[in-house]
Amino acid sequence: MRSSWGGRLLAGVIGIYAFDKLWKMARFTYYGLLALQNRGQETAGIVTCHEDGLSEYKGRNTVDRVFLEEKLSSMRGWLAIGCVDAEVRHEESIQPVIVNKPVKLAFCMDGKALNWREVAAKEGVSAEGDVNVIAAILSKHIDKYGPLDGAVRLLEILKGGYCFVALTEKGEMIAARSPSGVKPLVIGSFGFDYGVVASESCAIDVIGADYKADVFPGEVYLFTPYSIEKARVQSDEVTYCSFEYVYLARPDSYINDISVYEVRMRIGEVLAEEHPVEGDVVIGVPETAIPFAMAYSNKTKIPIAMGFVRTGPHVRSAIKPTQFERLVGVQLKLNPIKNAIKGKRVILIDDSVVRGNTTKNTVTLMRNKLGVKEVHVRIGSPKIVSHCPFGVEVPPEDELIARHLTDEEVAAVVGADSFHWLSLNGLVKAIGLPRSMLCLGCFTSEYPSCLKI
């Protein structure tokens, strides 16, 4: 099933490999998935490996609601992989998926392989959806070439931006990152007791392991009871996703060995340099834009205030599947504190604007019900003008407000006194990597060469 926007969304993956059968890894995987909940809130699943093979449990909901204590305590196995997903899928496609033959394995992935249909046709594989197809192809390749070479050959034929973790019935764990490096994957360990791979380093932190490094683009890791082996596929062009730093990743994560929190603080500083304005208070929209607002305030010496209070559990409104759910999510997290902003000139900092509907609702609420004197909106990312081919959901281009209107026109539409985005050069400066190493396609409509199939 597709979301209302018609494409695939992001996901978070984790794999934990203990070198002693006394460990039970389901609970560690559960905590890791809680840390990755920012990457998907529609489904969650865990597969463990033990003496009798693979056991799975998954469902539609957030991690804490899918895995109740009784179920979590009953899952045995010293090896485990897990996934949170933002896409609403058919039951048989909820990740991790399981392939039964020729090699029985569990598989989950983040991102998108753009030529999976063509590869499936050449390999003679038929299954429902990209994840099931790629899992089936990996199973065939492992049977033919072994787990390490099989995964390498898979990376050599799949084009796109993705990473995956797989667990075989024999107790082998395979983790891989596409040669493009678009999607992040990191590796860590807990002494000699276990190794862990995850979409973000925050998942490694919360289970008490030590973050070691990124899995390099094109790199494959194989964990067995006796060793950790790795191999690497030649990468012609590395292009890291710039939107991970703006919105997708948690601020306590490292992506490509760069602190997401520090990038967001630099974004706030650059935003203040590019678009200063007189005001009485700086307000950040929870949660992602808070570091932007803190740095903007530090740079301009304009006081920062807590402008909103969240109601209920944390809801990532931008990754909810429907517009109604997104609006409800925004309302839940944006109940304003009247005394912080009444009668003041407010500088409102947000992470991104797509259609402008939620920004308009927020500005209207502040003006009409809370007596704000002025509202100046500043956005901590460049204008989103195009789609993402690697799985991040973006509405059709004719719905993207920045594609069609000037800053002044957007200000008029949302009811703000002024409205400005971070520049593209400002984002590149804040991330600190050469522009040639970043995928900026959603901001420029120009995409990496790995799209050429």
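Residues numbered from 1 in each chain as written. Predicted model: local features only at pLDDT ≥ 70, side-chain atom pairs only at ≥ 80, totals over all residues. Heavy atoms only, no water.

A. A look at the nonpolar core. Formed by 68 residues in total, the largest nonpolar core has its most connected members in Phe243 and Phe419. Top element by residues in this core is helix α9 (residues 260-274). It accounts for 6 residues. Residues contacting Phe243, with those up to four places away along its chain left out, are Leu248, Ser352, Ile384, Val392 and Phe443. Grouped together as the second largest cluster of nonpolar side chains are 50 residues, Ala11, Ala18, Cys83 and Ala106 included. (Core = buried A, V, L, I, M, F, W, Y, C linked by side-chain atoms within 4.5 Å. Buried < 20%, exposed > 50% of the residue type's maximum accessible area, 1.4 Å probe, protein only. Helix = DSSP H or I, 4+ residues; strand = E, 2+ residues; numbered from the N terminus. Contact = heavy atoms within 4.5 Å.)

B. Geometry of the sheet that holds strand β9 (residues 186-190). With respect to topology, 7 strands assemble into an open sheet ordered β3-β2-β4-β1-β10-β9-β11, the strand pairing being antiparallel. The sheet is open, and its two edges are formed by β3 (53-60) and β11 (210-214), each paired on a single side. Strand after strand, the sheet turns through a mean of 15° between neighbouring axes, direction not considered. Of the strand pairs in this sheet, strand β1 (residues 11-18) and strand β10 (residues 194-198) are connected by 5 bridges, and their pairing is antiparallel. Looking at the pairing, Ala18 lines up with Tyr194 of β10. (Pairing = 2+ DSSP bridges. Axes fitted to C-alpha atoms, helices over the stretch in contact; angles between N-to-C directions.)

C. View of the sheet that holds strand β8 (residues 173-177). Ordered by their spatial adjacency, 6 strands build an open sheet running β5-β6-β7-β8-β12-β13, and the pairing between neighbours is antiparallel. Each edge of the open sheet carries a strand with a single partner, namely β5 (97-99) and β13 (228-232). Across this sheet, the average inter-strand angle for adjacent strands is 20°, counted without regard to direction. Relative to strand β12 (residues 219-223), β8 runs antiparallel, the two being bridged by 4 bridges. By the bridge assignment, Met173 is partnered in β12 with Phe223.

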